[in-house]
Amino acid sequence: METITPNIEIRSVVAQCLRTLTTSAENKDVITALQTLQSYLDEGSDSRIPSVQRAEFRRVHFTRTLRFLVSNIQADWVHSLKAQQRKELWDGLFLKGPADQTLLVLMEGIGEPSINLDHLISITERFLQNGGLAELLWSYCLETGPSDSPQLRETLQGRIVGLPDLLANKLQLNNKPLFLPQQYYPLLATEILSALENVCQALRNGTDCSLTFVAQVLGKVCVQGQSGEFWHSVTMAPRLSIHTRSDMVWQRVCWKLLQDVPQRCMESVLTGLVQSVSRIIGNIVLTNKKAQFVITHKLLLLQYKYETRVLRVLLGYLAADRERRPLLIQVLRAVSQAWANPSAVKHTPIEQQLYVSKALLLSVNLLDDSELHQLQSDLLQCMLGGMQSHLDSSVVRIRHMGMVVGECLSSRMDISETKLKFEYDQDDETRELLSLMTAHSDDESDPEPVSSDDELTPYDMSDDQEMSAASPPRYLRDCLETLISSEDPMRVELSLIAAEDLVRKNVFAAREISVELTKVLLHMENKYNLNNFLVLRQATMVALTVIDCIPVTQYLTTEFYSLNYSLRQRLDMLEVLVFAARELSSPVSEKRDPSVGVAATGSSGLSPYVNDKPVDWRQEVEKRIQSKTRRLRKGVTQPAPEATPNRYAPVAGHFFFPLLRNYDRPQVTFDLLGSDHLVLGRLIHTLGVFMHLAVNAPVATQMGRALLDFVWSVRYHVDQTVRRGVLFAVCSLLMSVNSQNLLADFGDQLFETRSWLADVAEADPDGDCRDLAVQSLVLLDKSLKKQLQN
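Under an unreviewed UniProt entry, the name given to the protein is Telomere length regulation protein TEL2 homolog, and the source organism is Takifugu rubripes. For the record of the protein, the UniProt heading Sequence similarities (unreviewed entry) holds the text "Belongs to the TEL2 family."

This is the structure:
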């Protein structure tokens, strides 16, 4: 009987206080009732309520009291309190009691319809600002209270993690800054850190603690996509890094915290953590299979979004401990196999191949001599097979990647004294790969140049001109004769420089020898190492094609499939045809500077395919609207542009159709549908350019039908260069063929084309292919919608 008397007494007092608040009209009675209820929350030796009764009130009656206050938030007795009285007595009941019950009641009250929502929101703000979350987490670390149900813990964790979403849905545009994710989750990180500090102090004092609840909250935060705001805040990761540097208690707490994270959340937690520090993880990679899979496989071989710094941290973590180094060897074997896999080189995005290359080089650089000797056969097989797969690729970036990795591996393995060395143009990508094999040092600086002639004044020679004994040719036939028979480098160079100008100024003479001069230039080699040789040679061939279009075009398109031409010469033919078609489709300029043309692009801009992605459909539609918009102005207006004939439209078929004639006939030195992927991709791209330039031409529909039939058989080609060319050609077709004729002429193929484009946009491993497929889908759907409406 003595054990239940306090319970009956507390129940009676609480019931009397709540009855008073409900029925009393006297302000004095209301204040007395609130003070009585708050006395059960007072802590310390001066409290007049026994500790047993206070604990009973917190356990049994506190939630009931808070729910009563929330349900009567609009009552007259609440509004009769002064602002200070309401803050101390009414709000104080929420802020002094158990934090978990307070948070649950506040979230429950905010979720219900209420016209006084601002009051509950202000209490929630004060709860967060006064360390309510830290108190809540610390109470579960101590586990002093009675054991609650797993469902209650799950609900409470959901309220803690999902508070920004819950309040954003309720408040919408009236949301408070503290409840926004960019402020709330750093605050939660600070509160978790505070709870962990209490845990460390309690362990030093011999008190046992549990980290299960905190670990579950941490897992929920990361699995909901907030690991960035949480780990990368100014508090969490840096403070943990500092604490774990030399404090063994902190290290044990952090390791135990990660061990208690639920398995379903482990990947999200580690993914956010490895970007900051690795010392916090400890040896979890050895004790947890899910963590081992994430760190040694998924973050290295399946994902490729992280910076090089993250790869350094990840692989450095594996190499930093003697027990973890066998995993580094395991990682290196897996990465080397992935890098050397021919199928991966063909079917994975370039960004992922670059990521794997970085991981391979960083792993090799972390090996010591004994480990390197153990893996020498694996690395040699990786180097030989992987280099072959990369060098066979038609993508320049992939070939350069294979060259750099091959050089680095041969240098590190030191097989004999001969080391691999390739010739390639260095860029930021290749320089970064090379830097992965060297140690970083900020103290190194370039030595100052030493000169013994500093006191001498340099002589200005900027206006000097080089004296030449030869003079440039004045007639086109002299130029041709020099290019055929002369052995004088100076005369050959002067003839090349003058050739384009002579062709454009002497049209009749050029037409007499156009095919012969084109043949000479096509077979000409740079045996004298002349500057701008390729640019000058190409500019002259383009001028010849423009001046005498049909004969030169027939010659180039016929020779493209002939025997005994190198791949470089076949690519030259396609480039000349593209430049010539572009010039013919452009308006004729009255004052044309012969030096401004193909040669003006410089030696680095020879290829016409660098920026040949089709114009965005919005830009194309806007341009057409602007061209057909009539503007009325007062006063002086600009004269209308003079109409000029499109020189390309009448001859578009001569550029296009001969290139489709013999593509499926393998020659002795040329197999377009076999191993010569680069030429096939460039051919399809060239046909797409011709299609794009033939917009509104009478032959455009016929060209489009032939082009679609040609590319349909290679739309699933293994080489990404070919697939890009196919998608570019389809996009050009959709932009060039009149939308009114599209459904009538291509109706039987359009819906199958749309299904294929949707598959490419979703599943193609190459990003450019996906972008082109999306753009083509937009153009196709726009045309189909317009025609179906009509």
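Back to the text.
Another aspect to go through is the overall build of the protein. For the protein, the count of helices and strands is 38 helices and zero strands. Split into buried and exposed, the 790 residues of the protein put 49% on the buried side. Only carbon and sulfur atoms are counted for the fraction: they give 50% of the accessible area of the protein, which is about 41,200 Å².

This part takes up the nonpolar core. Ranked by size, the top nonpolar core spans 144 residues in total, and within it Trp-77 and Ile-160 carry the most contacts. If you tally residues by element for this core, the top one is helix H10 (residues 181–204), at 11 residues. For Trp-77, the residues in contact, after removing those within four places along its chain, are Leu-21, Val-30, Leu-34, Phe-68, Leu-69, Asn-72 and Trp-90. Grouped together as the second largest cluster of nonpolar side chains are 95 residues, Leu-536, Leu-672, Leu-683 and Leu-734 included.

Attention now goes to the environment of Tyr-561. Among the secondary structure elements, Tyr-561 is positioned in the loop between helix H30 (549–559) and helix H31 (567–585). Separated by 110 residues in the primary sequence, Tyr-561 and Asp-671 place their C-alpha atoms 9.8 Å from one another.

Along helix H26 (residues 476–485), the residues classified as buried are Leu-476, Cys-479, Leu-480, Thr-482 and Leu-483. In an axial view of H26, the angular spread of the buried residues amounts to 160°, which keeps them on one side of the axis. As for H26, its buried residues are in contact with helix H27 (489–505) and helix H28 (507–523).

Interhelical geometry of helix H15 (residues 266–273) versus helix H17 (residues 289–302) gives an angle of 55° and a closest axis separation of 10 Å. Considering the angle they form, H15 stands oblique to H17. The chirality of how H15 crosses H17 is right-handed. Counted together, Met-266, Glu-267, Leu-270 and Thr-271 of H15 and Lys-290, Ala-291, Val-294, Ile-295, Lys-298 and Leu-299 of H17 form the full contact between these two elements. Residue classes in the contact of H15 with H17 are distributed as six nonpolar, one polar and three charged.

With that settled, the discussion passes to the pattern of salt bridges. Taken as a whole and judged by the stated rule, the model has 26 salt bridges. Across the pair Arg-67 and Glu-108 runs a salt bridge, and its minimum N-O distance is 3.3 Å. Note that Arg-67 is positioned in helix H3 (residues 51–71) and Glu-108 in helix H6 (residues 99–111), a separation of 41 residues in sequence. Using a relative accessible area of 45% as the deciding quantity, one classes Arg-67 as partly exposed. You can call Glu-108 partly exposed: its relative accessible area is 35%. Three or more residues are tied together by salt bridges with common partners; here these are Arg-537, Arg-568, Asp-572, Glu-575 and Arg-682.

What follows is about helix H13 (residues 236–243). Among all positions in H13, only Met-236, Ala-237, Leu-240 and Ser-241 are buried. What you see down the axis of H13 is that its buried residues fit within an arc of 125°, all on one side. On its buried face, H13 sits against H10, helix H12 (227–231) and helix H14 (248–259).

Let us now look at the side chain of Glu-267. Topologically, Glu-267 is positioned in helix H15. Only 2.7 Å separates the side chain of Glu-267 from the side chain of Lys-298, close enough to count as a polar contact. Discounting residues that sit within four places of it in the chain, Glu-267 has contacts with Lys-290, Val-294, Lys-298 and Gln-303.

Moving on to unusual backbone geometry. In this structure, Asn-529 is a non-glycine residue whose phi angle is positive, near 55°. Among the structural elements, Asn-529 can be located in the loop between H28 and helix H29 (533–547).

On to the packing of helix H34 (residues 677–693) against helix H36 (residues 720–736), then. One can describe the packing of H34 onto H36 by two numbers: an axis separation of 8 Å at closest approach and a directional angle of 10°. Between H34 and H36, the crossing angle belongs to the class labelled roughly parallel. Taken together, the residues of H36 that come into contact with H34 (itself represented by His-677, Leu-680, Gly-681, Ile-684, His-685, Gly-688, Val-689, Met-691 and His-692) are Thr-721, Val-722, Gly-725, Val-726, Phe-728, Ala-729, Ser-732, Leu-733, Met-735 and Ser-736. Residues of the contact of H34 with H36, tallied by class, amount to 10 nonpolar, nine polar and no charged.

Time to look at the packing of aromatic side chains. Using the criterion set out here, one finds 11 aromatic pairs in the structure. Here Trp-712 and Trp-756 contribute two aromatic rings whose centre-to-centre distance is 5.7 Å and whose plane-to-plane angle is 70°, an arrangement assigned as edge-to-face. Highlighted residues: Trp-712 in helix H35 (residues 700–712) and Trp-756 in helix H37 (residues 739–763), separated in sequence by 44 residues. Pair check on accessibility: Trp-712 and Trp-756 agree, each one buried.

Our focus in this paragraph is the confidence of the model for the protein. Averaged over every residue, the pLDDT of the protein is 82; the share at 70 or more is 84%. Note on residues 441–450: pLDDT is under 50 here. Beyond four places in sequence and across chains, it has zero contacts.

Moving on, we come to the environment of Ser-495. As for its position among the elements, Ser-495 is in helix H27. Separated by 13 residues in sequence, Ser-495 and Thr-482 place their C-alpha atoms 7.0 Å apart. Beyond its immediate sequence surroundings of up to four residues, Ser-495 is in contact with Pro-473, Cys-479, Thr-482 and Leu-483.

So, on to the state of the cysteines. For the coordinates displayed, the defined rule picks out zero disulfides. Lacking any disulfide linkage, Cys-222 is separated from the closest cysteine sulfur, that of Cys-265, by 8.2 Å.

Turning next to the environment of Leu-522. When you line up the elements, Leu-522 lands in helix H28. For the pair formed by Leu-522 and Asp-572, sequence separation is 50 residues and the distance between their alpha carbons is 7.8 Å. Beyond its immediate chain neighbours, meaning those up to four positions away, Leu-522 contacts Arg-537, Met-541, Tyr-555, Tyr-565, Gln-569, Asp-572 and Met-573.

Moving on: the side chain of Asp-572. Note that Asp-572 resides in helix H31. Judged by its relative accessible area of 9%, Asp-572 falls in the buried class. The residues contacting Asp-572, other than those within four sequence positions of it, are Leu-522 and Arg-537.

How each quantity is defined
Residues numbered from 1 in each chain as written. Predicted model: local features only at pLDDT ≥ 70, side-chain atom pairs only at ≥ 80, totals over all residues. Heavy atoms only, no water. UniProt positions renumbered as here; feature names shortened; annotations may be inferred. Helix = DSSP H or I, 4+ residues; strand = E, 2+ residues; numbered from the N terminus. Buried < 20%, exposed > 50% of the residue type's maximum accessible area, 1.4 Å probe, protein only. Areas by Shrake-Rupley, 256 points an atom, 1.4 Å probe, with all protein chains shown as cover. Core = buried A, V, L, I, M, F, W, Y, C linked by side-chain atoms within 4.5 Å. Contact = heavy atoms within 4.5 Å. Arc of directions from axis to C-beta. Axes fitted to C-alpha atoms, helices over the stretch in contact; angles between N-to-C directions. Parallel < 35°, antiparallel > 145°, perpendicular 65-115°, else oblique. Left-handed = near helix turned anticlockwise from the far one by under 90°. Nonpolar A, V, L, I, M, F, W, Y, C, P; charged D, E, K, R; others polar. Salt bridge = Lys/Arg side-chain N within 4 Å of Asp/Glu carboxyl O. Polar contact = N/O pair within 3.5 Å; in protein donor to acceptor, adjacent residues only side chain to side chain. Phe/Tyr/Trp six-rings, centres within 6.5 Å; stacked < 30°, edge-to-face > 60°. pLDDT = per-residue confidence, 0-100. Disulfide = S-S within 2.5 Å.

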